[in-house]
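This is what each chain is made of:
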Amino acid sequence: MRKIFSLTILFSLLASHVLAQSEKIDKKYIKPQIIMPQEDIEFEDYVRREPQIYDPYEKVNRKIYTFNDYFDRYFFEHVARAYKGGVPSPVRRGIRNFVTNLGLPMSAINSFAQGKVDNGLATISNFLINSTVGVLGIFNVAGEKGIIYRGEDFGQTMGHYGVNSGPYLVVPFLGPSSSRDFGGWVFDKGISPTGFNVLDIGNKENFIQSEYRLGINSLTAIDIRASLLEIVDDVRRESFDPYATVRSAYLQKRISEIQY
Amino acid sequence: MKKLLTLAIFALLPFQAFAQKADKEQVQIFVEGVGGKIISIANEKVSESKKKEKIIAIIDSVIDADWIAHFVLGKNYKTATDVQRNKFVKLYRDFMINTYGPKFKNYNGRKFIVNEVVEQGSFSVAKAEFLPRDSNVPISVDFRVKKRSDKLVIVDFIAEGISLIETQRSEFNSAITQEGMDGFLVRLEERVNKLKKGEAN
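Since the structure is predicted, the reported quantities are computational estimates derived from the model, not experimental observations.

Examining the overall build of chain B
Then step 1. A tally of helices and strands in chain B yields six helices and five strands.
Then step 2. Reading chain B from its N end, one meets helices and strands in the order α-α-α-α-α-β-β-β-β-β-α.
Then step 3. For chain B, buried positions account for 45% of its 201 residues.
Then step 4. A total of about 10800 Å² of accessible surface is found on chain B, and carbon and sulfur atoms cover 56% of it.

Concerning the packing of helix H4 (residues 89–113) of chain A against helix H5 (residues 117–132) of chain A
Residue and element names in this part refer to chain A.
Then step 1. H5 packs onto H4 with a crossing angle of 160° between their chain directions and a minimal axis gap of 8 Å. With respect to each other, H4 and H5 are oriented roughly antiparallel. Read as a crossing pair, H4 and H5 show a hand that is left-handed. Residues Asn101, Leu104, Pro105, Ser107, Ala108, Ser111 and Phe112 of H4 touch H5, and the partners they reach there are Val117, Asn119, Gly120, Leu121, Thr123, Ile124, Asn126, Phe127, Asn130 and Ser131.

As for the environment of Val235(A)
Residues and elements named next belong to chain A.
Then step 1. By the secondary structure assignment, Val235 is in helix H10 (residues 229–238).
Then step 2. Each C-alpha atom, one on Val235 and one on Val246, is 8.1 Å from the other, the two residues being eleven residues apart in sequence.
Then step 3. In this structure, Val235 is in contact with Pro242, Thr245 and Val246, ignoring residues within four places of it in sequence.

Overview of the pairing of strand E4 (residues 151–159) of chain B
Residues and elements named next belong to chain B.
Then step 1. Within E4, seven of the nine residues are buried, which leaves the element mostly enclosed by the surrounding structure.
Then step 2. Connecting strand E3 (residues 139–148) to the antiparallel partner E4 that follows it, the hairpin turn spans two residues, and Ser149 within it adopts a positive phi of roughly 40°.
Then step 3. Sheet topology places E4 next to strand E5 (residues 162–163); two bridges connect them, and they run antiparallel. The residue of E5 that forms the bridge with Ala159 is Ile162.

What about the pattern of salt bridges?
All names here are of chain A.
Then step 1. In the structure shown here, the tally under the stated rule is 32 salt bridges over all chains.
Then step 2. The shortest N-O distance in the salt bridge between Arg236 and Asp69 comes to 3.0 Å. You can see Arg236 sitting in helix H10 and its partner Asp69 sitting in helix H3 (residues 58–86), a full 167 residues away along the chain.
Then step 3. For the salt bridge of Arg180 with Asp181, the shortest nitrogen-to-oxygen distance reads 2.9 Å.
Then step 4. Residue Arg180 is classed as buried on the basis of its relative accessible area, which comes to 6%.
Then step 5. Using a relative accessible area of 6% as the deciding quantity, one classes Asp181 as buried.

Some remarks on helix H3 (residues 65–73) of chain B
Residue and element names in this part refer to chain B.
Then step 1. The element H3 is extensively covered by neighbouring structure, given that eight of its nine residues are classed as buried.
Then step 2. By the burial criterion, the buried members of H3 are Ala65, Trp67, Ile68, Ala69, His70, Phe71, Val72 and Leu73.
Then step 3. Of the residues trailing H3, Gly74 is marked for its positive phi of about 50°.

Thoughts on unusual backbone geometry
Then step 1. A positive phi angle is found at Leu136(A), which is not glycine, with a value near 55°.
Then step 2. By secondary structure assignment, the location of Leu136(A) is in the loop between H5 and helix H6 (141–144).

Procedures and definitions
- Sequence order as written defines the numbering, with residues in each chain counted from 1.
- Chain letters and ligand numbers both follow the written order, the letters beginning at A and the numbers at 1.
- Local features in a predicted model are, by the rule used here, given only for residues with pLDDT of at least 70; side-chain atom pairs are given and counted only at 80 or more, and totals for whole chains, interfaces and linings are based on all residues.
- The side-chain numbers reported here are obtained from all heavy atoms of the structure, hydrogens and water having been left aside.
- Put simply, DSSP H or I for four residues or longer makes a helix, DSSP E for two residues or longer makes a strand, and each gets a number counted from the N terminus.
- Each residue is assigned to one of three classes by its accessible area relative to the maximum for its type, calculated with a 1.4 Å probe on protein chains only: buried under 20%, partly exposed between the two thresholds, exposed over 50%.
- Per-residue accessibility takes into account occlusion by the displayed protein chains alone, with areas from the Shrake-Rupley method and a 1.4 Å probe.
- An axis is simply a line fitted to the C-alpha atoms; with a helix, the fit covers only the stretch in contact. Between two such axes, the angle follows the N-to-C directions and lies from 0 to 180 degrees.
- Between 65 and 115 degrees an angle is taken as roughly perpendicular, under 35 as roughly parallel, over 145 as roughly antiparallel, and anywhere else as oblique.
- Handedness of a crossing follows from how the near helix is turned relative to the far one, being left-handed for an anticlockwise turn of less than a right angle and right-handed for a clockwise one.
- The contact criterion used throughout is that any non-hydrogen atoms of two residues lie within 4.5 Å.
- When DSSP finds two or more bridges between two strands, those strands count as paired.
- For this document, the term salt bridge refers to a Lys or Arg side-chain nitrogen within 4 Å of an Asp or Glu carboxyl oxygen.

The structure is reproduced here in structure tokens:
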């Protein structure tokens, strides 16, 4: 009963996100007007490719961005630096492989949902090989054998079927997102045994009990932040408006991931 | 007459195809040449400042900074006065080469290859791969190239689907909206001065 209840809540949350954004886009969305000199028709290609920035909550988003930035500067960045400086590189690689491996089943499901059978199978073989031969995913044996896959999430699956990104969002502690991608994240995390596990996959008897989940998710977050140390430093130092830089980069990256 | 014309068109067709192919090869040679030069300088055993200077000179000679400046100003180009435009274009060149040039001095990798060249409108995109010295995972970067008066020039670097100039346009546009064109130009000038003195890197 609890499962059905949780699932219903999850789906309705997601549906409301998708519906809300599609309505808002129809009514409010105005294509950005880029005025280009006529002699430069070559600019057109870029105008076509330009990510459609739809940021109706910019004021609130900027406040959350500032909050996240403070949280990061005074706490999380230091954690990531300590991790990078204090944990030897082979151990960090093992941790990255381990947390990445745990996310592969969800990634494979999303691949299949998009009809990307080859990528789905490659993802599954990575999971099976690395979980066994690679000792619970610590060693990326499949990757070294050349079995390459691309990660997929539910935001990408929705994008694949034509759901627009919707309003750009900055989520407290998580950073840049959009209503579609945040909805997708809630869905992925909701189902995943290492996330909220609303389906109670694997019961509570095995290693993905709730107390381990916090550890796994914290490690994932620290690993991601540590991998972004230089990029974030560059943006902070070089950008005339870091909020706009991150927004543009995020939206472009998502478009490219979905188009692939 | 009509027959003759048709014949002439058919006779020219293969040349047309050949011309395009040659272009792709030209782009590949050009981008591989640029990448090769950067890697060889990055691997040289000279002082960091000398490396930086050499790489900045290369970047300056292969990018079309005026075109990019025009592009990144986007809709603000139309509303800017001539004085503002000229000032921006002049500052932008220094900003671009001094911000991004020094980053390449760390590209002391093992290999730089162009996997393919694709045509996109009036641009060619060279899909390149760079293999760092300490890793087996190649980094992919796309170079957007165009022909400017018979010379090939680079107008964009695209890493992981993120275009440098699109991101910059979005950033500059947002900054100009908030502080006005003149306010932005003051900040840009301050930055360029710092970069030239080597303080901002």
